[in-house]
Amino acid sequence: MVKLTIDGRMVTVEHGTTILEAARQAGIDIPTLCYLKELNEVGACRVCVVEIEGQERLSAACATVCEEGMVVHTATPRVLDARRTNVQLILSQHNVSCTTCMRNGSCKLQKVALDLNLQEEPFEKKPFSSRWDRTFPLIRDGSRCIQCLRCVNVCEKVQSMGVWSLTGTGKHARVEVTGGKSIRDINCALCGQCITHCPVGALTARDDTQRVREAIADPDRIVVVQVAPAVRSAWGDAVGLAPEQATEKRMVAAIRSLGVDYVFDTDFSADLTIMEEGSELVERIKEGKKGPMFTSCCPGWVRFLKLEYPDMVASLSTAKSPQQMFGAVAKSYYAKLLGVDPEKIFCVSIMPCTAKKYECGVEAVNDAARRDVDVALTTRELGRLLRHVDVSALGEEEFDQPLGMATGAGVIFGATGGVMEAALRSAYYLVTGQNPEVEAFSEVRGLKGWKEAVFPIGDIKLRVAVVSGLGNARSLMEALAAGAVDYDFVEVMACPGGCAGGGGQPIREDQELAGERGERLYALDRSYKLRFSHENPAVLELYKSYLGAPLSHKAHELLHTDQGMWEL
Ligand code: SF4
Ligand code: SF4
Ligand code: SF4
Ligand code: FES
């Protein structure tokens, strides 16, 4: 252990602890901008400088390790002056345009400048200019980048993709797409993790809210909304509601208040996905097919696999994602129920994800209409649409039916391990004809990046793995290729913690919320009367009156895709 003094307080910390972490342990706040614990400890912004007695230069608290007997001061006039100057230098290269910036109100630079009471910008302004294809789902505004390197390290260390790099040095240092390429020419999975870890408005997802407003205003359109499982675990953060107020049913009321025609649940099509994917798995096992079957509901993962391991695409389940299945059902079966032309239906999905924006435009996953899903919004965009609504004054309302009917198995799709658990609950039924204990497969829950288990199902011993985060996905792919591991069924989610930690979720600065948000989904699962996808009455009715059976010709036509056929 190491003993030191911070602002007159004796602090004892473990060897290797930084001054920043020691101060935090002692309840002393030091502002930070570039720092991300264990991910980005590069000392780039120097907003966290402190004074150490006996040392002439100020030190970056986030990058300086505590030493025995150190005497540290975190808020002397000299320290505060230096912080102000450092932030003013950052602002001199920054396009300060808060009123038109998506991070206005959740921007770390804005907060740091306010906390330091900065009232002027004395240095000559020279923001970097940049060009970007603003039709791409991931948007970068170089003039707002503060070169903090968070995106570089998240993309490289967590997601193993290396899309961003630092070029140049000193005041010419800039972060850009590796190799000076265009974002379209580099392997970006569109997971959005760089967006949620950027402290400012330099990285954002394309905003599609205006298209939704226009559709709502168009009297010839029937606007049908689907809400993904993980959105309900986080939407409160996007509208400033506490978790106990931000219930699933108040979310339904809030979305309905926008003037849309129907509010449905992607959990319904998650149950449908389980019927198709679970049946596909059981069929594969019965046929004795070798190698694992990969889940296909995460478009970030599907993109990753197609870009990085194209030889393994045949192992993907042919089932479309719940988003696309919902769109296909809404524009076929539901259009028929309503007795309307499918082209009149405008299908909006609200997703915790940025890759869904790309997925809904892929031709091969649209079958019922030209576009089965017209627009995919993120949870953050839902928050933007609701800015003028006093959501706290709204009551609670139910989803519309029948596409709002869901089970607890559909809800847990939003957490890592949830698709696996939901699939196993139904695969067990399909193989044995009986329901398992509902919590029988809970071993696959939790935030560990790579989990594995073996479950007896009838005569089969099913070897499964659950992976979240693309760095973990890459390790798994390499291990599979080397023959070091072997599984029957593998769930992969591109974002650490699954969709609950998705790149489209509301950002709470410096906090990783996938665990907390995932827990809310498991609590919802426990509260649902039905917890097996194969017991969803609306899904059963859909099969009875329209699709026939899982994997039927019609189901294949609408709910599956030939993963090998289409390219990015
Ligand atoms: S990044 Fe922050 S400081 Fe810069 S324009 Fe956006 S809100 Fe304002
Ligand atoms: S979206 Fe994901 S893969 Fe693409 S640059 Fe960002 S972190 Fe990297
Ligand atoms: S884009 Fe954002 S995360 Fe990346 S270096 Fe710039 S400010 Fe930092
Ligand atoms: S937070 Fe310490 S240098 Fe940026």
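No experiment lies behind these values; they were computed from the predicted model shown.

A.B. asks: Describe the sheet that holds strand 17 (residues 489-493), listing the residues and the values that go with them.
C.D. replies: Strand order in this open sheet of 4 strands is 12-17-16-15, and the pairing throughout is mixed. Edge positions in the open sheet fall to strand 12 (293-294) and strand 15 (450-457), since each of these has one partner strand only. As paired elements, strand 16 (residues 460-468) and strand 17 share 5 bridges and run parallel to each other. Within strand 17, the position partnered with serine 468 by the bridge is methionine 493.

A.B. asks: Lay out the layout of surface pockets with the relevant residues and their values.
C.D. replies: Of the volumes computed, that of the largest pocket is approximately 1200 Å³. If you go around the largest pocket, you meet 47 residues; those closest to its centre are Arg103, Gly105, Ser106, Cys107 and Ile507. Put simply, the parts of the chain that give the lining of the largest pocket at least two residues each are helix 2 (77-92), helix 3 (108-115), strand 9 (203-205), helix 7 (235-239) and helix 13 (379-385).

A.B. asks: Account for empty space enclosed by the protein, with residues named and values stated.
C.D. replies: Tallied over the full model, the rule gives 5 cavities of 30 Å³ or more. Looking at the largest cavity, its volume works out to about 280 Å³. Taken together, 26 residues line the largest cavity, and the ones lying closest to its centre are Cys297, Cys298, Pro352, Lys356 and Cys499. Only helix 9 (266-286), helix 10 (299-308), helix 11 (322-338) and helix 12 (355-359) provide two or more residues apiece to the lining of the largest cavity. When grouped by side-chain class, the residues that make up the lining of the largest cavity number 20 nonpolar, 5 polar and 1 charged.

A.B. asks: I'd like to hear about helix 17 (residues 514-527), residue by residue, with values.
C.D. replies: Owing to its 3.6 residues per turn, the α-helix aligns residues three or four sequence positions apart on the same side. Taking 1.5 Å per residue, 14 residues should reach 20 Å; helix 17 reaches 20 Å between its end C-alpha atoms and fits that length. Those residues of helix 17 not exposed but buried are Ala514, Arg517, Gly518, Leu521, Tyr522, Leu524 and Asp525. Down the axis of helix 17, the smallest arc covering the buried residues is 155°, so these residues share one side. The inward-facing, buried residues of helix 17 contact helix 7, helix 8 (248-256), helix 14 (408-411) and helix 15 (418-432).

A.B. asks: Can you explain unusual backbone geometry? Please cite residues and give values.
C.D. replies: In this model, glutamine 401 is joined to proline 402 through a cis peptide bond whose omega is 10°. Within the element layout of this structure, proline 402 appears in the loop between helix 13 and helix 14. Unlike most non-glycine residues, glutamate 38 shows phi in positive territory, near 65°. Here glutamate 38 lies in the loop between helix 1 (19-25) and strand 3 (49-52). The class of glutamate 38 is exposed, set by a relative accessible area of 64%.

A.B. asks: Which residues make up the sheet that holds strand 5 (residues 71-73), and what values do they have?
C.D. replies: With respect to topology, 5 strands assemble into an open sheet ordered 2-1-5-3-4, the strand pairing being mixed. Taken across any chain shown, the strands that pair with only one partner, and hence form the sheet edges, are strand 2 (9-13) and strand 4 (59-60). Here strand 3 pairs with strand 4 via 2 bridges, running antiparallel. Bridged to valine 49 within strand 4 is alanine 60. Across the face of the sheet, helix 2 comes into contact with strand 3 and strand 5 while running at roughly 150° to strand 3.

A.B. asks: I'd like to hear about the site of ligand 1, residue by residue, with values.
C.D. replies: Around ligand 1, the structure places His94, Asn95, Ser97, Cys98, Cys101, Arg103, Asn104, Cys107, Gln110, Arg144, Val200 and Gly201. Its residues assigned to classes, the shell around ligand 1 shows 4 nonpolar, 6 polar and 2 charged.

A.B. asks: Could you give an account of the pairing of strand 7 (residues 164-167), with specific residues and numbers?
C.D. replies: In summary, the side chains of a regular strand alternate between the two faces of the sheet. Pairing of strand 7 with strand 8 (residues 174-177), which is carried by 4 bridges, proceeds in the antiparallel orientation. Of the residues in strand 8, the one forming a bridge with tryptophan 164 is valine 177. What sits between strand 7 and strand 8 in their antiparallel hairpin is a turn of 6 residues, with glycine 168 showing a positive phi close to 70°.

A.B. asks: Give me the lowdown on the domain arrangement of the protein, citing residues and values where you can.
C.D. replies: Assigned domains of the protein: these are domain 1 (2-75), domain 2 (91-205) and domain 3 (210-559). Here the C-alpha centre of domain 2 lies 26 Å away from the C-alpha centre of domain 1. Counting from both sides, the interface comprises 11 residues of domain 1 and, opposite them, 14 residues of domain 2. In this assembly, domain 1 packs against domain 2 so that about 980 Å² is buried in total across both faces, 68% of it on carbon and sulfur atoms. Considering only the side of domain 1, the residues that lose the most area to domain 2 are Leu33, Leu36 and Leu39, jointly responsible for 56% of the buried surface there. On the surface where domain 1 and domain 2 come into contact, there are 0 salt bridges. At the junction of domain 1 with domain 2, the criterion picks out 7 residue pairs in polar contact (both at pLDDT 80 or more). Here the side of domain 1 that touches domain 2 is built from residues that sort into 8 nonpolar, 2 polar and 1 charged.

A.B. asks: Report on the packing of aromatic side chains, specifying residues and quantitative values.
C.D. replies: Inspection of the entire model under this criterion finds 11 aromatic pairs. With 5.5 Å between their ring centres and 50° between their planes, tyrosine 333 and tyrosine 546 make a pair best called tilted. In this pair, tyrosine 333 sits in helix 11 while tyrosine 546 sits in helix 18 (residues 537-547), placing the two residues 213 residues apart along the sequence. When its relative accessible area of 7% is taken as the criterion, tyrosine 333 is described as buried. Among the aromatic side chains, those forming a connected cluster through ring pairs are Tyr262, Phe264, Phe326 and Tyr334.

A.B. asks: Got a sec to walk through the packing of helix 9 against helix 18? Specific residues and values, please.
C.D. replies: Their axes nearest at 10 Å, the elements helix 9 and helix 18 cross at an angle of 65°. For the pair helix 9 and helix 18, the sense of crossing is right-handed. Of the residues in helix 18, those touching helix 9 at Phe268, Asp271, Leu272, Met275 and Glu276 are Ala538, Val539, Leu542, Tyr543 and Leu547. Here the residues of the contact of helix 9 with helix 18 are counted per class, giving 8 nonpolar, no polar and 2 charged.

Cut-off values and rules
- Residues numbered from 1 in each chain as written.
- Chains lettered and ligands numbered in written order.
- Predicted model: local features only at pLDDT ≥ 70, side-chain atom pairs only at ≥ 80, totals over all residues.
- Heavy atoms only, no water.
- Pairing = 2+ DSSP bridges.
- Helix = DSSP H or I, 4+ residues; strand = E, 2+ residues; numbered from the N terminus.
- 1 Å grid on protein atoms, 1.4 Å probe; cavity = no way out; pocket = protein on both sides within 12 Å on 5 of 7 lines; lining within 4 Å.
- Points joined across faces, edges and corners; volume = space filled by probe spheres on them.
- Nonpolar A, V, L, I, M, F, W, Y, C, P; charged D, E, K, R; others polar.
- Expected span 1.5 Å × (residues − 1).
- Buried < 20%, exposed > 50% of the residue type's maximum accessible area, 1.4 Å probe, protein only.
- Arc of directions from axis to C-beta.
- Contact = heavy atoms within 4.5 Å.
- Axes fitted to C-alpha atoms, helices over the stretch in contact; angles between N-to-C directions.
- Near = heavy atom within 4 Å.
- Domains from an automatic or database assignment.
- Buried area = accessible area lost by both parts, 1.4 Å probe.
- Salt bridge = Lys/Arg side-chain N within 4 Å of Asp/Glu carboxyl O.
- Polar contact = N/O pair within 3.5 Å; in protein donor to acceptor, adjacent residues only side chain to side chain.
- Phe/Tyr/Trp six-rings, centres within 6.5 Å; stacked < 30°, edge-to-face > 60°.
- Left-handed = near helix turned anticlockwise from the far one by under 90°.

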